[in-house]
Amino acid sequence: MAQITLVEAINLALKREMERDPAVVVLGEDVGVDGGVFRATLGLIKRFGPDRVVDTPLAEALIAGMAIGMAVEGLKPVAEIQFSGFAYTTLDQIVNHAGRMRHRTQGRLSCPMVLRTPCGGGIHAPEHHSESPESMFAHIPGIRVVYPSSPRRAYGLLLAAIRDPDPVVFLEPTRLYRLFKEDISDDGQALQLDTCYTAREGSDVTVVAWGAMLYESLAAADALAEQGVAAEVIDVATLKPLDLDTILASVAKTGRCVVVTEGPRTCSFASEIAAGIAEEGLLTLLAPVQRVTGYDVVVPLPRLEQRYMPGRERIVAVVKKVLAFG
């Protein structure tokens, strides 16, 4: 048992799975000698050698294509894209090949690959380094989308993602990489995919979030508790397939729901969750579902970044709005 950060948990999970399964390989820009831009793969090349930790050219479409080819031929590649803003060029490979492989071959072939990438704002990065593309990936048939919110979640969910027989996009909240530590036992126990987790019990309102927004939502819940409001906070650890049942059960208990994402508002994954609640849980609602999101603009440069990202104050304000109904 050791206290480690989220990025250290990623590294620990990669080491554990590479030791357990010789088919697991890591590839990406600077993942070998440099250990990755955030040091998520630090030490792996020394431990497993350049045949299993592969430094690639600066070519994201190539990285995704290599990973798909490796997966189809029996390996279990974990490909890193340095920042999610650079992942757009992988879409041809992910949409047309990774997501379709099982269907195209009528189950003869599968594509057990993981595409890892840091995402989200909050680190004062320049343009193309603060994207939140989860809804874009979730829209692709055949792709599982996982988005951990803590070191413990990152460790267990990455193990599960690598062991999954189909392609997984694994989004890592950059702002949380070194923000806090948790006790983690390197026991190789994977967490269940396709499951939402209750991060905090409450009875007055349900707040649904993922990634770094879970951290902000828990801070908002603390502030609301001081005002006598008990917020239940749900961690959507796997966005697709979505565990809507857990969210619906919470909303049935509280009657109110606020969904939080730092992605742009239009066509955000928050909209998908709100639609699911409207279709399956409308009669349990005491107020309309509300969304707290980023804005429909490119994430601004550092001086205005905090104005863009949802934070505790915005979440609290919207919670008070839904509490005003009824």
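Up top is the structure these notes are about.
Residues numbered from 1 in each chain as written. Predicted model: local features only at pLDDT ≥ 70, side-chain atom pairs only at ≥ 80, totals over all residues. Heavy atoms only, no water.

Trainee: What is the right way to look at the pattern of salt bridges in this model?
Mentor: A side chain with one charge may pair with a side chain of the opposite charge, provided their charged atoms come close. Considering all chains together, one arrives at 17 salt bridges under this definition. With a closest N to O distance of 2.8 Å, Asp 166 and Arg 102 form a salt bridge. Placement of the pair is Asp 166 in the loop between helix 7 (151-163) and strand 7 (168-173) and Arg 102 in helix 5 (residues 101-104), with a sequence separation of 64 residues. Using a relative accessible area of 21% as the deciding quantity, one classes Asp 166 as partly exposed. For Arg 144, the salt bridge is made with Asp 194, and the minimal N-O distance between the two is 2.8 Å. Here Arg 144, found in strand 6 (residues 144-146), pairs with Asp 194, found in the loop between strand 8 (182-184) and strand 9 (197-200); they are 50 residues apart in sequence, far enough to count as distant. The partly exposed category is assigned to Asp 194, whose relative accessible area is 26%. In this structure, a network of salt bridges that share partners links the residues Glu 17, Arg 20 and Arg 163. (Salt bridge = Lys/Arg side-chain N within 4 Å of Asp/Glu carboxyl O. Helix = DSSP H or I, 4+ residues; strand = E, 2+ residues; numbered from the N terminus. Buried < 20%, exposed > 50% of the residue type's maximum accessible area, 1.4 Å probe, protein only.)

Trainee: When you look at the pairing of strand 4 (residues 76-80) in this model, what are you seeing that I'm missing?
Mentor: For a regular strand, side-chain orientation follows a simple rule: the groups alternate between the two sheet faces. Buried residues dominate strand 4, accounting for four of its five residues. In this structure, strand 2 (residues 24-28) lies alongside strand 4, joined through five bridges in parallel fashion. Paired with Val 25 across the bridge in strand 4 is Pro 77. The sheet contact formed by strand 4 and strand 5 (residues 114-119) spans three bridges and is parallel. Within strand 5, the residue paired with Ala 79 across the bridge is Leu 115. (Pairing = 2+ DSSP bridges.)

Trainee: Quick question: what am I supposed to make of a negative patch on the surface here?
Mentor: A grouping of Asp 245, Glu 272, Glu 279 and Glu 280 is seen on the molecular surface, where their side chains present a negatively charged patch. Counting residues per element, the negative patch draws most heavily on helix 10 (residues 269-281), which supplies three residues. Locating Glu 280 in the fold gives a position in helix 10. (Patch = residues over 30% accessible without salt bridge, like charges linked within 9 Å, V, L, I, M, F, W, Y side chains within 5 Å. Areas by Shrake-Rupley, 256 points an atom, 1.4 Å probe, with all protein chains shown as cover. Lys, Arg positive; Asp, Glu negative; His and termini not counted. Charge placed at Lys NZ, Arg CZ, Asp CG, Glu CD.)

Trainee: Explanation requested: the layout of surface pockets in the structure shown.
Mentor: Where empty space is left in the structure can be found by rolling a water-sized probe over the atoms. The volume enclosed by the largest pocket comes to roughly 240 Å³. Looking at the largest pocket, it is lined by 16 residues, and the ones nearest its centre are Tyr 88, Glu 131, Ser 132, Pro 133 and Pro 264. Residue classes in the lining of the largest pocket are distributed as nine nonpolar, five polar and two charged. Ser 149, Ser 150, Arg 152, Arg 153, Phe 180, Glu 182, Ala 199, Leu 214, Tyr 215, Leu 218 and Asp 235 together form the lining of the second largest pocket. Residue assignment for the lining of the second largest pocket shows that the elements contributing at least two residues are helix 7 and helix 8 (212-225). Of the residues forming the lining of the second largest pocket, the biggest block, three residues, is contributed by helix 8. Of the residues assigned to the lining of the second largest pocket, the class counts are five nonpolar, two polar and four charged. (1 Å grid on protein atoms, 1.4 Å probe; cavity = no way out; pocket = protein on both sides within 12 Å on 5 of 7 lines; lining within 4 Å. Points joined across faces, edges and corners; volume = space filled by probe spheres on them. Nonpolar A, V, L, I, M, F, W, Y, C, P; charged D, E, K, R; others polar.)

Trainee: Looking at this structure, I do not really get the side chain of Asp 243. What am I missing?
Mentor: Position of Asp 243 among the secondary structure elements: in the loop between strand 12 (238-240) and helix 9 (244-254). The side chain of Asp 243 is buried and forms no salt bridge, while Arg 153, the nearest opposite charge, is found at 11 Å. Side-chain polar atoms of Asp 243 contact the backbone nitrogen of Cys 196, separated by 3.0 Å. Those residues in contact with Asp 243, other than ones at most four positions away along the chain, are Asp 194, Thr 195 and Cys 196. (Polar contact = N/O pair within 3.5 Å; in protein donor to acceptor, adjacent residues only side chain to side chain. Contact = heavy atoms within 4.5 Å.)

Trainee: Explain the sheet that holds strand 4 to me, please; I cannot follow it from the model alone.
Mentor: Whenever strands of a sheet pair, they do so through backbone hydrogen bonds, lying parallel or antiparallel. Here we have seven strands laid out as an open sheet, ordered 3-2-4-5-7-6-12, and mixed in their pairing. In this open sheet, the two strands that pair with only one neighbour each are strand 3 (53-55) and strand 12. Strand-to-strand twist across the sheet, computed as the mean angle between neighbouring axes with direction ignored, equals 20°. In the sheet, strand 5 pairs with strand 7 via six bridges, with the strands oriented parallel. Within the sheet, the bridge partner assigned to Pro 118 lies in strand 7 and is Glu 172. (Axes fitted to C-alpha atoms, helices over the stretch in contact; angles between N-to-C directions.)

Trainee: I would appreciate a short explanation of the environment of Val 205 in the present structure.
Mentor: By the element assignment, Val 205 lies in strand 10 (residues 205-209). Remark: the alpha-carbon pair of Val 205 and Lys 320, spanning 115 residues in sequence, is separated by 9.6 Å. Discounting chain neighbours no more than four positions away, the residues touching Val 205 are Val 229, Ala 230, Ala 231, Glu 232, Thr 254, Arg 256, Cys 257, Val 258, Val 319 and Val 322.

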